[in-house]
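Structural description and commentary
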Amino acid sequence: TNEPQAGQFDAKVLPSVFTQQFTVSYHLEDAGLVSMRLFDVAGREVALLFSDEKMPAGDHLFGFDSTGKGIAPGIYFLNINVDGAQQTLKLVKGE
């Protein structure tokens, strides 16, 4: 079947090319602990958006503003972890 499995989630980030801000939209089939971390291409964590936040089932939006956080232009990877299930999304920070 095409029914989502327990713990599955679907995430998107807009825009995928950003200058200062981006928004993560995600849907949780079940309530869970959510963490989001931003990594550079070398695998270094450059920002912890949030860690082990209890989120209810349903649709969610999270906005991130990189202003003043020392995040240089380049390629980044947003890792989203929901109860151990992970999804990684590529982002590009422009000038």
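Treat the numbers as computed from the prediction; the structure is a model and nothing was measured.

Describing the overall build of the protein
When helices and strands are counted, the protein shows 0 helices and 8 strands. Ordering the α and β elements of the protein from the N terminus gives β-β-β-β-β-β-β-β. The C-alpha radius of gyration computed for the protein amounts to 14 Å, which stays within 12% of the reference 12 Å derived for 95 residues, consistent with globular compactness. Counting only C-alpha atoms, the protein reaches 45 × 20 × 20 Å along its principal axes. When each of the 95 residues of the protein is scored for burial, the buried share is 33%. Excluding contacts between residues fewer than 6 apart, the proportion of contacts in the protein whose partners are at least 24 apart in sequence is 55%. For the protein, the exposed surface amounts to about 5,600 Å²; the carbon and sulfur share of it is 51%. Charge-centre separation for the protein: the mean point of 7 positive side chains lies 9 Å from the mean point of 12 negative side chains.

What to know about the packing of aromatic side chains
In the structure shown here, the tally under the stated rule is 3 aromatic pairs. Seen from their ring centres, Phe22 and Phe64 are 5.3 Å apart, and the 45° between their planes marks the pair as tilted. Here Phe22 is found in strand 3 (residues 21-28), whereas its partner Phe64 is found in strand 6 (residues 58-65), with 42 residues between them in sequence. A residue is classified by how much of its surface remains accessible, and Phe22, at 1% relative accessible area, is buried. Summarising the aromatic geometry, the rings of Phe50 and Phe62 are spaced 4.8 Å apart at their centres and angled 70° between planes, so their arrangement reads as edge-to-face. With Phe50 in strand 5 (residues 45-55) and Phe62 in strand 6, the pair connects residues that are 12 residues apart, well separated along the chain.

Considerations on the pairing of strand 7 (residues 74-82)
As paired elements, strand 4 (residues 32-40) and strand 7 share 7 bridges and run antiparallel to each other. Residue pairing in the sheet places Val34 in a bridge with Val82 of strand 7. Pairing analysis gives 9 bridges linking strand 7 to strand 8 (residues 85-93), with the strands arranged antiparallel. By the bridge assignment, Asn81 is partnered in strand 8 with Gln86. The antiparallel hairpin formed by strand 7 and strand 8 contains 2 residues in its connecting segment, where Asp83 sits at a positive phi of about 50°.

Quick look at the pattern of salt bridges
For the structure shown, the criterion picks out 3 salt bridges. When the shortest N-O distance is used, the salt bridge between Lys12 and Asp10 registers 3.5 Å. With a relative accessible area of 43%, Asp10 lands in the partly exposed category. For the salt bridge of Arg44 with Asp40, the shortest nitrogen-to-oxygen distance reads 2.9 Å. The exposure class of Arg44 is exposed, given its relative accessible area of 54%.

Procedures and definitions
- Residues numbered from 1 in each chain as written.
- Predicted model: local features only at pLDDT ≥ 70, side-chain atom pairs only at ≥ 80, totals over all residues.
- Heavy atoms only, no water.
- Helix = DSSP H or I, 4+ residues; strand = E, 2+ residues; numbered from the N terminus.
- Rg over C-alpha atoms; globule rule 2.2 N^0.38 Å.
- Buried < 20%, exposed > 50% of the residue type's maximum accessible area, 1.4 Å probe, protein only.
- Contact = heavy atoms within 4.5 Å.
- Areas by Shrake-Rupley, 256 points an atom, 1.4 Å probe, with all protein chains shown as cover.
- Lys, Arg positive; Asp, Glu negative; His and termini not counted.
- Charge placed at Lys NZ, Arg CZ, Asp CG, Glu CD.
- Phe/Tyr/Trp six-rings, centres within 6.5 Å; stacked < 30°, edge-to-face > 60°.
- Pairing = 2+ DSSP bridges.
- Salt bridge = Lys/Arg side-chain N within 4 Å of Asp/Glu carboxyl O.

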